[in-house]
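Descriptive structure summary
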Amino acid sequence: RNIIGQSKSGFSFREVMDKQKILLIDLSKGKTGEVNAQLLGLIVVSKLQMAAMARADMAEESRKDFFLYIDEFQNFVTPSIATILSEARKYRLNLVLAHQYMSQVVEKGDTEIRDAILGNVGSMFVSRIGPEDTDTFEKVFAPEFNANDLINSDAYTWYTKMIKSNTQLPPFTMKGLPPIDTNPVLAEKIRQLSRLTYGRPRAQVERDIAKRSGYGSPTPPPPPPQPPIAS
């Protein structure tokens, strides 16, 4: 409520995109709640889509690449994603979609999103998959790799199909690096700086919401009883 209930956004998605800033959005279900995380994720994806489409007012050579990474992508599947995949390329909005298995992006038998992914994504990085996904990906990586290869890949190994200079390269394996050590102290300092730059005190936000909704406005006390008038 405090995020979407403010009358003015603390930052501009278009500015983030055009000036190549970094926007990190933590939508952990454990902290935010499943419904809230999904709602905020859908709003953010739609806002980014609108910001990308608004680049129509720029010369094509002036549009800078902006990369949108969506982890646990299946939680934010919307028709906007299909539109972004098919139309946002010319606006230099690039998507990296990460999820675990293909049926996650098929809802109630509707394969529109899955078909949009397979039809528009140029580069695929596939780690170890389950048997149910081999029918889809064996066709993508044949004849270099078969179903047995895809099911039994090593840790940090990706079967990769990539486009380079508008040319499809033959599938190959790519060895990734293990997770790197992080710096929690630096991360907390960055979060604090971001809050000071773009945030507002929570108490102030709640007062503004209460005032606009009418629940924060004090009701006038009832008038005191009038003393009886003697005749």
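Preceding this paragraph is the structure being described.
Each residue is numbered by its place in its chain's sequence as written, counting from 1. Totals for whole chains, interfaces and linings use every residue, but because this is a predicted model, local features are given only for residues with pLDDT of at least 70 and side-chain atom pairs only at 80 or more, for both listing and counting. Only heavy atoms go into the side-chain values, all of them from the structure, while hydrogens and water stay out.

1. Considerations on the overall build of the protein
For the purposes of this entry, the term helix denotes a DSSP run of H or I that reaches at least four residues, the term strand denotes a run of E that reaches at least two, and both are numbered from the N terminus. Tallying secondary structure elements over the protein gives 9 helices and 7 strands in all. Between the two quantities, the radius of gyration covers C-alpha atoms and the globule rule is 2.2 Å times the number of residues to the power 0.38. Against the compact-globule benchmark of 17 Å for 231 residues, the protein has a radius of gyration of 25 Å, which places it well outside the compact range. For the protein, the C-alpha atoms occupy an extent of roughly 110 × 40 × 40 Å along the three principal directions. The buried label goes to any residue with under 20% of its type's maximum accessible area, the exposed label to any with over 50%, and the partly exposed label to all in between, with areas taken from a 1.4 Å probe on protein chains only. A total of 231 residues make up the protein; the buried ones form 26% of that total. Roughly 16,400 Å² of accessible area belongs to the protein as shown, and the carbon and sulfur atoms make up 56% of that amount. Across the protein, the mean location of the 29 positive side-chain charges is 10 Å away from that of the 26 negative side-chain charges. Here the accessible surface of atoms and residues is derived via Shrake-Rupley with a 1.4 Å probe, and residues count as covered only by protein chains that are part of the display. Under the counting rule used here, the positive set is Lys and Arg, the negative set is Asp and Glu, and His together with the chain ends is not counted. Every charge is mapped onto a representative atom, which is NZ of Lys, CZ of Arg, CG of Asp or CD of Glu.

2. Section: the packing of helix 4 (residues 79–87) against helix 5 (residues 112–120)
The angle between two axes is taken between their N-to-C directions and runs from 0 to 180 degrees, where each axis is a line fitted to C-alpha atoms and a helix contributes only its stretch in contact. Running from N to C, helix 4 and helix 5 cross one another at 20 degrees; their axes reach a closest spacing of 9 Å. If you check the angle between helix 4 and helix 5, you find them roughly parallel. Crossing hand, helix 4 versus helix 5: left-handed. In contact with Ala82, Leu85 and Ser86 of helix 4, helix 5 contributes Glu112, Ile113, Ala116, Ile117 and Asn120. Residue classes follow a fixed rule: Ala, Val, Leu, Ile, Met, Phe, Trp, Tyr, Cys and Pro count as nonpolar, while Asp, Glu, Lys and Arg count as charged, and any other residue, Gly among them, counts as polar. Looking at the contact of helix 4 with helix 5 residue by residue, the classes come out as 5 nonpolar, 2 polar and 1 charged. Here the word oblique covers every angle except those under 35 degrees (roughly parallel), over 145 (roughly antiparallel) and from 65 to 115 (roughly perpendicular). Take the far helix as the reference: if the near one is turned anticlockwise from it by less than a right angle, the crossing is left-handed, and if turned clockwise, right-handed. Throughout, a residue-residue contact means that at least one pair of heavy atoms, one from each residue, lies within 4.5 Å.

3. Quick notes on the side chain of Arg55
Note on placement: Arg55 falls in the loop between helix 3 (34–53) and strand 1 (66–70). Think of a polar contact as two N or O atoms within 3.5 Å of one another; within protein, one of them needs to be a possible hydrogen donor and the other a possible acceptor, and neighboring residues in sequence only count if both atoms come from side chains. At 2.8 Å, the side chain of Arg55 forms a polar contact with the backbone oxygen of Tyr91. In contact with Arg55, other than residues within four places in its own chain, are Arg14, Met17, Asp18, Arg63, Lys64, Tyr91 and Arg92.

4. Describing the packing of aromatic side chains
Planes of paired rings set the category: under 30 degrees apart is stacked, over 60 is edge-to-face and the rest tilted, where pairs are Phe, Tyr or Trp rings (Trp by its six-membered ring) whose centres lie within 6.5 Å. Following the criterion strictly, the structure yields 2 aromatic pairs and no others. Geometrically, the ring pair formed by Phe145 and Tyr159 is edge-to-face, given 4.7 Å between the ring centres and 65 degrees between the ring planes. Of the two residues, Phe145 sits in the loop between helix 6 (134–141) and helix 7 (147–151) while Tyr159 sits in strand 4 (residues 157–161), which places them 14 residues apart along the sequence. An identical accessibility class is assigned to Phe145 and Tyr159; each is buried.

5. Points about the pattern of salt bridges
Here, a salt bridge means any Lys or Arg side-chain nitrogen found within 4 Å of an Asp or Glu carboxyl oxygen. According to the stated counting rule, one finds 13 salt bridges in the structure shown. Between Arg195 and Glu188 there is a salt bridge whose closest N-O contact spans 3.9 Å. Classification of Glu188 as partly exposed rests on a relative accessible area of 31%. Salt bridges sharing common partners tie together Arg14, Asp18, Arg55 and Asp57.

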